[in-house]
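Here's the letter readout for the chains.
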Amino acid sequence: MENKSELVVLMEDMGDAFKKFREKHDSKVADLENAITSIEKKMGRPGATGDFGLDGAGSTLQIGKTTKGAECYLLQKSQRISMRNAEREGFDLGEFVKDSIVGSRKAMGSGPALVPIGIADQVIDTVREQSAITQAGAQTLVIDNPTNLARILGNDPDVIQHTENVDDITESDIDLGYVTANPKLLAAVIPISEELVQDSPNLNQVIQLAVAGSFAEKLDALIFEKLMADAGITSSATAYAAAVAQDPALWEDVLAAVGGAMAYKQGVPSAIISAPADFIGRASQKSSSGGWLGKPPALAQMAEYTATALPAGTAFLGDFAKAIIVAVRSDLRLEVVRWKNAGKGQHALIAHARMDGYIVQPDALFKQLKTV
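How each quantity is defined
Residues numbered from 1 in each chain as written. Predicted model: local features only at pLDDT ≥ 70, side-chain atom pairs only at ≥ 80, totals over all residues. Heavy atoms only, no water. Helix = DSSP H or I, 4+ residues; strand = E, 2+ residues; numbered from the N terminus. Buried < 20%, exposed > 50% of the residue type's maximum accessible area, 1.4 Å probe, protein only. Contact = heavy atoms within 4.5 Å. Areas by Shrake-Rupley, 256 points an atom, 1.4 Å probe, with all protein chains shown as cover. Salt bridge = Lys/Arg side-chain N within 4 Å of Asp/Glu carboxyl O. Pairing = 2+ DSSP bridges. Axes fitted to C-alpha atoms, helices over the stretch in contact; angles between N-to-C directions. Phe/Tyr/Trp six-rings, centres within 6.5 Å; stacked < 30°, edge-to-face > 60°. Lys NZ or Arg CZ within 6 Å of the ring centre and 35° of its normal. Core = buried A, V, L, I, M, F, W, Y, C linked by side-chain atoms within 4.5 Å. Right-handed = clockwise from strand over helix to strand, strands pointing away. Expected span 1.5 Å × (residues − 1). Patch = residues over 30% accessible without salt bridge, like charges linked within 9 Å, V, L, I, M, F, W, Y side chains within 5 Å. Polar contact = N/O pair within 3.5 Å; in protein donor to acceptor, adjacent residues only side chain to side chain.

**Comments concerning the overall build of the protein chain**
Step number 1: Regarding its fold elements, the protein chain presents nine helices and 14 strands.
Step number 2: Counting the 372 residues in the protein chain, one finds 39% classified as buried.
Step number 3: The long-range share in the protein chain, meaning contacts at least 24 apart out of those at least 6 apart in sequence, stands at 78%.
Step number 4: Of the roughly 20800 Å² of accessible surface on the protein chain, 54% is carried by carbon and sulfur atoms.

**Points about the side chain of S131**
Step number 1: With respect to the element layout, S131 can be found in the loop between helix 3 (117-130) and helix 4 (132-135).
Step number 2: With residues up to four places along the chain from it excluded, the contact list for S131 reads A216, L219 and D220.

**Let's talk about the pattern of salt bridges**
Step number 1: Overall, the coordinates contain five salt bridges when judged by the stated rule.
Step number 2: A salt bridge links D356 to K226, with the shortest nitrogen-to-oxygen separation between them at 3.2 Å. Taken together, the residues D356 in strand 13 (residues 346-359) and K226 in helix 6 (residues 203-229) connect sequence positions 130 residues apart.
Step number 3: Each of R282, K295 and E304 takes part in one network of salt bridges that share partners.

**Some points on the sheet that holds strand 8 (residues 234-235)**
Step number 1: On the basis of which strands lie adjacent, the open sheet formed by five strands has the order 8-14-11-9-10 and mixed pairing. Among the strands making up the open sheet, the edge pair consists of strand 8 and strand 10 (303-306).
Step number 2: Relative to strand 14 (residues 365-369), strand 11 (residues 314-318) is paired through five bridges, and the arrangement is antiparallel. Paired with F316 across the strands is K367, a residue of strand 14.
Step number 3: Of the strands in this sheet, strand 9 (271-274), strand 11 and strand 14 touch helix 6, which is tilted by about 90° from strand 11.

**Let's talk about the packing of aromatic side chains**
Step number 1: Per the counting criterion, the structure on display carries one aromatic pair.
Step number 2: Relative to F316, the ring of F224 lies with its centre 6.3 Å away and its plane at 35°, an arrangement referred to as tilted. Residue F224 is found in helix 6, and its partner F316 is found in strand 11; the two are separated by 92 residues along the sequence.
Step number 3: The buried category is assigned to F316, whose relative accessible area is 0%.
Step number 4: The aromatic ring of Y358 is capped on one face by K226, whose charged end is 4.1 Å from the ring centroid.
Step number 5: One cation-aromatic arrangement involves K286 over W292; the distance from NZ or CZ to the ring centre is 4.5 Å.

**Comments concerning the nonpolar core**
Step number 1: Counting 48 residues, the largest nonpolar core has I133, V211, F215, L227, I273, I324 and L332 as the members making the most contacts within it.
Step number 2: Top element by residues in this core is helix 6. It accounts for ten residues.
Step number 3: Formed by twelve residues, the second largest nonpolar core is a distinct cluster that contains W251, L299, L317 and F366.

**A word on the pairing of strand 10**
Regular strands show a simple pattern: their side chains alternate between the two faces of the sheet.
Step number 1: The pairing of strand 9 with strand 10 spans four bridges and is parallel. Residue pairing in the sheet places I272 in a bridge with E304 of strand 10.
Step number 2: The β-α-β motif built from strand 9, the intervening helix 8 (residues 276-283) and the parallel element strand 10 has right-handed crossover chirality.

**Thoughts on helix 6**
Step number 1: Helix length check: helix 6, at 27 residues, gives a terminal C-alpha distance of 39 Å against a target of 39 Å (1.5 Å per residue), a fit within 8%.
Step number 2: Every buried residue belonging to helix 6 is among L203, I207, Q208, V211, A212, F215, A216, L219, D220, I223, F224 and L227, and all of these are buried.

**Side note on a nonpolar patch on the surface**
Step number 1: On the surface, a nonpolar cluster with roughly 440 Å² of combined accessible area is contributed by L7, L10, M11 and M14.
Step number 2: On the secondary structure map, L7 appears in helix 1 (residues 6-43).

**Digging into the side chain of S274**
Step number 1: Within the fold, S274 resides in strand 9.
Step number 2: Classification of S274 as buried rests on a relative accessible area of 0%.
Step number 3: Only 3.2 Å separates the side chain of S274 from the side chain of R282, close enough to count as a polar contact.
Step number 4: Contact partners of S274, with chain neighbours within four places excluded, come to F279, R282, Y305, T306, A307, L310, T314 and A315.

Read these as layout, nothing more, since geometry by itself doesn't imply function.
Below you can see the structure in the form of structure tokens.
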């Protein structure tokens with residue numbers, strides 16, 4: 001056999017080297033593709049980016065400990081309680097109710113049937129979405145035991161510029177206290193007919209909205225009752241040397257109320273909550289030329305919310321995230337009871353939870369009053 005020429009040997013060596021390079025390169029590409037696929041799967045999971053909000057503004061849930069060592073969650077407006085549970089995908093509340101009543105292997109055939117806790121968390125999130133208080137910014141605290149919340153009752157602490165060796169550091173005139181968060185039970189019994197369960201394709205949506213809407217309305221009513229009675233909240237009647245009437249239905253008066261709040265070291269309010277009639281009154285204002293007046297530019301970032309629990313002529317404005325904490329003492333449980341009213345052919349959906357709101361910083365709010 002003839003000896004190969006140096007050129008042939010060189011070409012063969014180059015071919016072998018390129019083959020090895022290509023195999024090594026293909027292996028790296030495959031590893032990279034697998035890594036990217038793995039990352040995409042992880043990033044696609046709920047909460048993987050730390051965003052637990054509806055609008056992209058959320059962050060990881062704050063987890064703390066009560067005095068008894070139990071975990072508690074503090075949620076901002078945009079975060080969701082349901083992110084703490086994995087049991088949430090592929091569940092239809094309407095289908096669960098139907099299966100519980102009509103009969104299915106998915107649910108109990110008789111007696112009360114419980115909705116999984118992960119799904120109940122979703123309903124609480126819907127309650128929070130419909131509550132004017134939480135939408136205005138109030139934080140939500142999920143607790144398992146009675147919990148003491150710090151409440152600022154007086155002024156901010158005084159900061160002293162100290163001179164060396166001089167006894168000039170004085171105690172601040174600040175009053176700190178606490179309020180015990182231990183919400184009472186809220187419950188609702190919703191009758192459901194056999195025909196409704198069997199024939200309604202939108203049962204899931206209707207049940208969730210009905211339950212969430214009712215609980216949100218009650219939650220707001222309880223908190224507004226406390227706000228109306230809290231003497232620590234500065235108002236149109238107390239912010240000035242003489243009481244000054246400030247109509248929430250007039251933008252000019254809203255701006256004046258903001259000025260009164262700022263005189264008490266409050267910032268430009270993040271939100272205002274008023275009665276629907278006052279909201280419409282502001283929205284209906286026109287200039288002498290017939291153009292809509294609209295919100296003053298200085299208040300462009302202030303969100304507006306309405307609540308039927310508030311009487312016309314009264315509004316609250318300020319920083320609700322600082323002022324109010326909504327405590328959820330127990331998960332919102334949903335139970336289906338078959339033939340609750342057999343004579344009418346009705347079953348019952350029973351919803352119950354322990355929820356309430358607590359004012360922890362009254363000087364972060366201002367109460368605007370049309371009549372003082």
